[in-house]
Amino acid sequence: MEDYPYLNEALARVLRRQREGRGLSKRSFAEAAGLQRVYVIQLERGEKRPTLNAIFYLCDALQMPRQDFLAEIEAEMERIQNENSLDREKALFSTTDTQ
């Protein structure tokens, strides 16, 4: 199955932002979630897709309601999509300007 558009990047951004906002190191965050530190690092880089089970543990470690976490990921996906659209428009305009 193909990855859902922008999901990995959005999850990575939200996870890192929430962890850092709480002043948690990757190690302490991983320990609080009961996950391997390497796995958390891979999630924050967008290299891994977490299981639903892992998402529940991550939310518990962040002391964040799951629905809020998922809503923030969804909002981040929209921001990324808009950023990419703007980048494509800029590229298109810069190409037409040089012709």
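Here's what I pulled together on the structure shown here. (Residues numbered from 1 in each chain as written. Predicted model: local features only at pLDDT ≥ 70, side-chain atom pairs only at ≥ 80, totals over all residues. Heavy atoms only, no water.)

1. As for unusual backbone geometry
Stated precisely, the cut-off is as follows: The secondary structure listing takes helices from DSSP runs of H or I that are at least 4 residues long and strands from runs of E that are at least 2 residues long, numbered from the N terminus. Partly exposed describes any residue whose relative accessible area lies between the buried limit of under 20% and the exposed limit of over 50%, with all areas from a 1.4 Å probe on protein chains only and scaled to the type maximum.
Here the phi dihedral of Tyr6 falls at roughly 70°; this positive angle occurs in a residue that is not glycine. With respect to the secondary-structure elements, Tyr6 resides in the segment before helix H1 (7–21). Overall, Tyr6 belongs to the partly exposed group, its relative accessible area being 26%. Not every positive phi belongs to a glycine, and Gln63 is a case in point at roughly 55°.

2. Focus on helix H4 (residues 52–62)
Defined as follows: This arc is built from the directions going out from the helix axis to the C-beta atoms.
Buried residues of H4: Ala54, Ile55, Leu58, Cys59, Ala61 and Leu62, and no others. The buried residues of H4 occupy an angular sector of 160° when the element is viewed end-on, so they sit on one face. Turned more than 90 degrees off the buried face of H4, the exposed positions are Leu52 and Asn53. In the stretch just after H4, Gln63 is the one whose phi turns positive, near 55°.

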